[in-house]
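A structural walkthrough
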Amino acid sequence: MKYLIGLYIVVAIIVFVNLTSVFILKDNYSAIASWLIVFLFLLGTIFFVNAKFYFSKK
């Protein structure tokens, strides 16, 4: 269950970074935000793979 909670947190952070980049920073730092979103996506993928492995063991 902790992997799914971690995945949800990562997705929420991705949405927060995207909205912050667009509405607060007016897309001035969109390249930095895009790289941050890519790294968060990779982290979310790790959580997903761990959850898939964990739930397939049961």
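Residues numbered from 1 in each chain as written. Predicted model: local features only at pLDDT ≥ 70, side-chain atom pairs only at ≥ 80, totals over all residues. Heavy atoms only, no water.

**Describing the side chain of S21**
Rules: Strands here mean DSSP runs of E at least two residues long; helices mean DSSP runs of H or I at least four residues long; both are numbered from the N terminus. Whether two residues touch is decided by their heavy atoms; if any such pair falls within 4.5 Å, the residues are in contact.
Following the sequence through the fold, S21 ends up in helix α1 (residues 2-24). If sequence neighbours within four positions are ignored, S21 has contacts with K26, D27, Y29, S30 and A33.

**A look at the packing of aromatic side chains**
Put simply, the rule reads: A pair of aromatic rings is counted whenever rings of Phe, Tyr or Trp (Trp by its six-membered ring) have centres within 6.5 Å, and the orientation is called stacked for planes under 30 degrees apart, edge-to-face for over 60 and tilted otherwise.
Counted by the stated rule, this structure contains three aromatic pairs. Taking the centre distance of 6.1 Å and the plane angle of 35° together, the rings of W35 and F39 count as tilted. Placement of both W35 and F39 in helix α2 (residues 30-57) is noted, with a separation of four residues, approximately one turn of the helix. Aromatic side chains Y54 and F55 sit 5.4 Å apart centroid to centroid with 65° between the ring planes, which places their arrangement in the edge-to-face category. Taken together, the ring pairs in this structure connect Y3, Y54 and F55 into an aromatic cluster.

**Some remarks on the environment of V10**
Where we set the bar: Any residue under 20% of the maximum accessible area for its type is buried, any over 50% is exposed, and the rest in between are partly exposed; the area is computed with a 1.4 Å probe on protein chains only.
By the secondary structure assignment, V10 is in helix α1. Given the relative accessible area of 4%, V10 is considered buried. Between the C-alpha atom of V10 and that of T45, which follows or precedes it by 35 residues, the distance is 9.7 Å. Residue contacts for V10: discarding those within four places in its chain leaves L40, L43, G44 and F47.

**Thoughts on the nonpolar core**
Stated precisely, the cut-off is as follows: Each nonpolar core is a collection of buried residues, namely Ala, Val, Leu, Ile, Met, Phe, Trp, Tyr and Cys, held together in the definition by side-chain atoms within 4.5 Å.
Listed in full, the five residues of the largest apolar core are V10, I14, V17, A33 and L40. Secondary-structure elements contributing two or more residues to this core are α1 and α2. Counting residues per element, this core draws most heavily on α1, which supplies three residues.

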